[in-house]
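Read off the chains here:
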Amino acid sequence: MRIFVLGGDGFCGWPSALHLSAHGHDVTIVDSGVRRKIDAELGVESLTPIQTLDERVAVWRNVTGNHIGTIDLDISHDYAGLTELLAAERPDAIVHFAEQRSAPYSMKSPRHKRYTIDNNVNATHNLMDALVETGVDAHVVHLGTMGVYGYESVPVDLPEGYLTVSYPDRDGKMRSREILYPTNPGSIYHLTKSIDQLVFQFYARNDGLRITDLHQGIVWGTQTDETVLDEALINRFDYDGDYGTVLNRFLVEAAIGYPLTVYGSGGQTRAFINIRNTVQCIRLAVESGDQVSGRPRVMNQVTETHRIADLADLVARVVGAEVTHVSNPRAEADTNELSAVNDHLIDLGLDPILLESGLLAESVDIAHKYADRIDARRIPASSYWNRERETNSGVAAGG
Ligand code: NAD
Ligand code: USQ
């Protein structure tokens, strides 16, 4: 298939592009490079030394003989460029990773809130609008997030996107219908994924666009079968207070003897998935596109759930580290339960890699190998959800 990977220079996009290419697909990466500019803004670098996108695809070609095209395009602001590209190339499928994906970055300041809304909502809407304008019948596979469901400790296994609700009509007769699961986002970033869902619902109904929305959990790990083929193909690994996700942060912290930063009680339960499973799920979603018609297909892209405090204990045990509880910069439930159905992807062939698989050792090795690239000053959180959280952190409000 001819596949566009929007955001294909990022942490999930790069290994997904390689995986799709390795499986015989004709891949083109579309990326504005904004994530690398944000690294510069924050004064931080990936733990792993990532090459430029041009170097990466050249090495991939040398190693495998496969060509991956690259297009430098901001899909949120260059609508004309996007329509021209779609009309010229007419892809069969489009994987849409191209959004600002950090919750803390989205909450840093009024500017960061507006940037995240502007970038993410326009990216998704421009893509829908451009598909309609050009008449390209590409299946869109979008990365959503488990966070759209919120963390309310409901005593159910979260369904995949839709909920059947019953309510009395004005004559008291019970009616029933399926609705999008009520969304309860915990950050501006998560809010954009909630808005994306409504955009998809509209364009599927109004224009018959074919869309799969993957509600993915927190991704851990770095390498995949494809990125290990050459050091120049290595994947990004974020560890800073804005972009580092919790398990990868704990591994880096352990590698340099920095006490593991559990926010609050650590009673928050979250969903997780290994990056090797991410790339597999993307391929399974793309290759099953002919099953998608009518309303958007929603699949929960998760393999397990864990309490943050348990993860810290696990890393402390495996790597040997101290655990510390710091004041939570985020306004979120201190404790919650979470369980989610993932039947769709399991039925398509997802083979879950669980934390106990031994792959943790791979990330530990990477953290140790590149430990001299870690800037410990970038580890503490520097983004607060509201004034109260900032005051509680001991940092002067506004500072
Ligand atoms: P990332 O920041 O590493 O990659 C995103 C890529 O998109 C970057 O290369 C960036 O330059 C590009 N991009 C952003 N805005 C763009 C625009 N307007 N035009 C063109 N390119 C643009 O993020 P990631 O971790 O790879 O996440 C990819 C997607 O998966 C995101 O939508 C994110 O919300 C979702 N997701 C990620 C995780 C995770 O744990 N990393 C979990 C669940 C969902
Ligand atoms: N946390 C800590 N210590 C840390 C970092 C985080 O205790 O050092 C806690 C947070 O308070 C939170 C949990 O760990 O309760 C998860 O935080 P995270 O930064 O790992 O993940 P999150 O902000 O939810 O975002 C990440 C990705 C995002 C994706 C989301 C999937 O950055 O793109 O959408 O995971 S999910 O969480 O399932 O919605």
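For the structure itself, look to the data block above.
Residues numbered from 1 in each chain as written. Chains lettered and ligands numbered in written order. Predicted model: local features only at pLDDT ≥ 70, side-chain atom pairs only at ≥ 80, totals over all residues. Heavy atoms only, no water.

**Student:** I would appreciate a short explanation of the site of ligand 1 in the present structure.
**Tutor:** Inspection of the region around ligand 1 gives 29 residues, with Cys12, Asp31, Ser76, Tyr189 and Lys193 positioned closest. Between arginine 35 and ligand 1, the recorded distance is 3.0 Å, taken from a backbone N or O atom to an oxygen atom. A distance of 2.9 Å separates an oxygen atom of ligand 1 from a polar atom in the side chain of arginine 101. Burial of ligand 1 by the protein amounts to 97% of the accessible area it has alone, namely 830 Å². Of all the elements in the fold, those that place two or more residues in the shell around ligand 1 are helix H2 (34–42), strand E5 (139–145), helix H7 (188–207) and strand E9 (218–220). Residues that form the shell around ligand 1 fall into these classes: 11 nonpolar, 10 polar and 8 charged. (Near = heavy atom within 4 Å. Polar contact = N/O pair within 3.5 Å; in protein donor to acceptor, adjacent residues only side chain to side chain. Areas by Shrake-Rupley, 256 points an atom, 1.4 Å probe, with all protein chains shown as cover. Helix = DSSP H or I, 4+ residues; strand = E, 2+ residues; numbered from the N terminus. Nonpolar A, V, L, I, M, F, W, Y, C, P; charged D, E, K, R; others polar.)

**Student:** Help me understand the site of ligand 2 in this model?
**Tutor:** Around ligand 2 there are 23 residues in total, and Thr145, Tyr189, Val246, Thr261 and Glu332 lie nearest to it. Glutamate 332 is positioned such that a nitrogen or oxygen atom in its side chain is 2.6 Å from an oxygen atom of ligand 2. Its free accessible area being 740 Å², ligand 2 has 96% of it covered by the protein chains. Of all the secondary-structure elements, those providing two or more residues to the shell around ligand 2 are H7, helix H8 (246–255) and strand E10 (260–263). Top contributing element to the shell around ligand 2 by residue count: E10, with 3 residues. Considering only residue class, the shell around ligand 2 consists of 9 nonpolar, 9 polar and 5 charged.

**Student:** In this structure, what is going on with the sheet that holds strand E13 (residues 304–307)? I would like to understand it.
**Tutor:** Remark on secondary structure: sheet strands pair via backbone hydrogen bonds, oriented parallel or antiparallel. One open sheet accounts for 3 strands, arranged E9-E11-E13; its pairing is mixed. Here the strands that pair on one side only, and so sit at the sheet edges, are E9 and E13. The sheet shows a mean angle of 45° between the axes of neighbouring strands, direction not considered. Of the pairings in the sheet, the one linking strand E11 (residues 269–274) to E13 comprises 4 bridges and is antiparallel in character. (Pairing = 2+ DSSP bridges. Axes fitted to C-alpha atoms, helices over the stretch in contact; angles between N-to-C directions.)

**Student:** How should the pattern of salt bridges be read in this particular structure?
**Tutor:** For side chains bearing opposite charge, pairing can occur when the charged atoms are close. This structure, assessed with the given rule, holds 24 salt bridges. A salt bridge links arginine 56 to aspartate 9; the shortest N-O distance between them is 2.9 Å. Remark: aspartate 9 occurs in the loop between strand E1 (2–6) and helix H1 (13–22) and arginine 56 occurs in helix H3 (residues 53–64); sequence separation between them is 47 residues. Note on accessibility: arginine 56 and aspartate 9 belong to one class, buried. Of the charged contacts, one joins aspartate 39 and arginine 236 as a salt bridge, the two residues approaching to 2.9 Å between their closest N and O atoms. Taken as a pair, aspartate 39 in helix H2 and arginine 236 in the loop between E9 and H8 lie far apart in primary sequence, 197 residues in all. Overall, arginine 236 belongs to the buried group, its relative accessible area being 2%. One salt-bridge network, in which partners are shared between bridges, spans Arg35, Asp39, Arg101, Arg236 and Asp238. (Salt bridge = Lys/Arg side-chain N within 4 Å of Asp/Glu carboxyl O. Buried < 20%, exposed > 50% of the residue type's maximum accessible area, 1.4 Å probe, protein only.)

**Student:** Can you help me understand H1 in this one?
**Tutor:** For an α-helix, 3.6 residues make a turn, and residues three or four places apart therefore share a direction. Burial of H1 is extensive: 9 of the 10 residues sit out of reach of the surface. Among all positions in H1, only Gly13, Trp14, Pro15, Ser16, Ala17, Leu18, His19, Leu20 and Ser21 are buried. Looking at the buried residues of H1, the elements they touch are E1, strand E2 (26–31), H3, strand E3 (68–72), strand E4 (93–96) and helix H9 (275–287). Residue glycine 24 follows H1 closely and has a positive phi angle near 90°. (Contact = heavy atoms within 4.5 Å.)

**Student:** Mind showing me how you'd approach unusual backbone geometry here?
**Tutor:** If a residue is not glycine, its phi is most likely negative; likewise, a peptide bond is most likely trans. Located in the positive-phi region is arginine 90, a residue other than glycine, with phi close to 40°. Note that arginine 90 resides in the loop between helix H4 (79–89) and E4. Phi at serine 153 is positive, roughly 55°, even though this residue is not glycine. Along the chain, the position of serine 153 falls in the loop between E5 and strand E6 (162–168).

**Student:** Looking at this structure, how should I read H9?
**Tutor:** Given a rise of 1.5 Å per residue, 13 residues ought to cover 18 Å, and the 18 Å separating the end C-alpha atoms of H9 matches this to within 8%. Counted residue by residue, H9 has 12 buried out of 13 residues, so it is predominantly covered. Here H9 has its buried residues at Ile275, Arg276, Asn277, Thr278, Val279, Gln280, Cys281, Ile282, Arg283, Leu284, Ala285 and Val286. (Expected span 1.5 Å × (residues − 1).)

**Student:** When you look at the side chain of asparagine 119 in this model, what are you seeing that I'm missing?
**Tutor:** Relative to the elements of secondary structure, asparagine 119 occurs in helix H6 (residues 110–134). Of the residues examined, asparagine 119 reaches a relative accessible area of 7% and is grouped as buried. Those residues in contact with asparagine 119 that lie beyond four places of it in its chain are Asp74, Ser76, Ala98, Glu99 and Gln100.

**Student:** Quick question: what am I supposed to make of the nonpolar core here?
**Tutor:** Soluble globular proteins tend to pack their nonpolar side chains together in the buried interior. Counting 34 residues, the largest nonpolar core has Val95, Leu214 and Ile282 as its most contacted members. Among the secondary structure elements, those contributing two or more residues to this core are E1, H1, E2, H3, E4, E5 and H9. Those residues in contact with leucine 214 that sit more than four places away from it in its chain are Val141, His142, Leu143, Gly144, Thr145, Ile282, Ala285, Met299, Gln301 and Leu345. Counting residues in each nonpolar core, the second largest holds 24 residues, with Leu6, Leu82, Val136 and Val199 among its members. (Core = buried A, V, L, I, M, F, W, Y, C linked by side-chain atoms within 4.5 Å.)

Any functional reading would require information beyond the geometric quantities listed.
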